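Below, each chain spelled out in residue letters.
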Amino acid sequence: ESEWRKVKRSIRPGKISKNLREIMGLKEGQLPPWCHKMQKLGIPPSYPNMKVAGLNWDIQFMKDDIYGKVPKSNDKKSKKNE
Amino acid sequence: MSTSIDTTVYVGNIDPRVTKGQLYELFIQVAPVVKINYPKDKILQKYQGYAFIQFETEQDVEYVIKLLHNTVSLYERVLKIRKSTSNVQKVTTDGNNSN
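The structure reproduced in this document is the subject of the present report. (Residues numbered from 1 in each chain as written. Chains lettered and ligands numbered in written order. Predicted model: local features only at pLDDT ≥ 70, side-chain atom pairs only at ≥ 80, totals over all residues. Heavy atoms only, no water.)

When you go through chain A residue by residue, the secondary structure sums to three helices and two strands. When the helices and strands of chain A are listed from N to C terminus, the series reads α-α-α-β-β. Looking at chain A as a whole, 30% of its 82 residues are labelled buried. By sequence separation, contacts in chain A at least 24 residues apart represent 36% of the contacts at least 6 residues apart. (Helix = DSSP H or I, 4+ residues; strand = E, 2+ residues; numbered from the N terminus. Buried < 20%, exposed > 50% of the residue type's maximum accessible area, 1.4 Å probe, protein only. Contact = heavy atoms within 4.5 Å.)

This is how it looks when you write it as structure tokens:
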């Protein structure tokens with residue numbers, strides 16, 4: 001269980017681990033397949049401030065395992081990079 | 001608890017090599033995940049190819065289905081996602097069945 005919690009902490013929207021990318025068959029520098037659909041359907045309702053590379057975020061921000069981010073504006077933690 | 005069905009999706013066609021952590025990582029990309037029920041065959045100790053994933057709102061469920069049904073392949077198997085309709089959603093009572 002504690003390991004599960006540790007796993008959870010390293011996971012966040014906008015970031016996909018190398019391992020998950022591999023089993024999804026995502027090539028380096030390739031956006032996840034749902035990003036195109038977001039163009040039509042919009043940003044996730046529960047992440048209204050989400051930034052997605054190539055959509056509402058400069059494609060240049062896409063790097064390694066990062067393709068987007070959810071700003072932590074209403075999080076208890078500090079508002080870094082806001 | 002009576003409404004948890006409304007906020008739960010059924011995910012099918014999951015390759016048994018996929019872990020619970022990977023499902024969590026995938027679905028959290030598009031909505032906050034409340035709970036994952038990913039049953040294993042008790043005898044073979046192998047995942048059975050489907051999971052129930054609970055989200056916070058019905059709106060999340062609609063979005064997840066529209067966005068991810070027939071969209072993502074794991075180990076070259078396309079995930080099938082639909083509303084969970086079953087009331088007999090098997091809840092594993094024998095402790096956790098994660099990794």
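For the rest of this paragraph, the subject is the interface of chain A and chain B. Frequently, the measure chosen for interface size is the accessible area removed from exposure when the parts meet. Contacts between the two partners involve 27 residues from chain A and, on the opposite side, 27 residues from chain B. Taken over both partners, the interface formed by chain A and chain B buries close to 2300 Å², and the fraction arising from carbon and sulfur atoms is 65%. When the buried surface of chain A facing chain B is broken down by residue, A:Trp4, A:Ile23 and A:Trp34 rank first, second and third, together holding 27% of it. Linking chain A with chain B are zero salt bridges. Run the count over chain A and chain B and you get twelve residue pairs in polar contact (both at pLDDT 80 or more). Per-class residue counts for the side of chain A that touches chain B are 17 nonpolar, five polar and five charged. (Buried area = accessible area lost by both parts, 1.4 Å probe. Salt bridge = Lys/Arg side-chain N within 4 Å of Asp/Glu carboxyl O. Polar contact = N/O pair within 3.5 Å; in protein donor to acceptor, adjacent residues only side chain to side chain. Nonpolar A, V, L, I, M, F, W, Y, C, P; charged D, E, K, R; others polar.)

Describing two packed helices takes the angle between their axes plus the distance from one axis to the other. Two elements in contact, helix H3 (residues 34-41) of chain A and helix H2 (residues 58-68) of chain B, have axes separated by 9 Å at closest approach and are oriented at 125°. Looking at the two axes, H3(A) sits oblique to H2(B). Remark: the crossing between H3(A) and H2(B) carries right-handed chirality. Taking contact as the criterion, the partners of A:Trp34, A:Lys37, A:Met38 and A:Leu41 in H3(A) are, on H2(B), B:Tyr63, B:Lys66, B:Leu67 and B:Leu68. (Axes fitted to C-alpha atoms, helices over the stretch in contact; angles between N-to-C directions. Parallel < 35°, antiparallel > 145°, perpendicular 65-115°, else oblique. Left-handed = near helix turned anticlockwise from the far one by under 90°.)

Moving on, we get to unusual backbone geometry. Unusually for a residue other than glycine, A:Asp64 sits at a positive phi of about 50°. Inspection of the secondary structure puts A:Asp64 in the loop between strand S1 (51-52) and strand S2 (68-69). Given the relative accessible area of 57%, A:Asp64 is considered exposed. Look at B:Asn70: it is not a glycine, yet its phi comes out positive at around 60°. Within the secondary structure layout, B:Asn70 lies in the loop between H2 and strand S6 (73-74).

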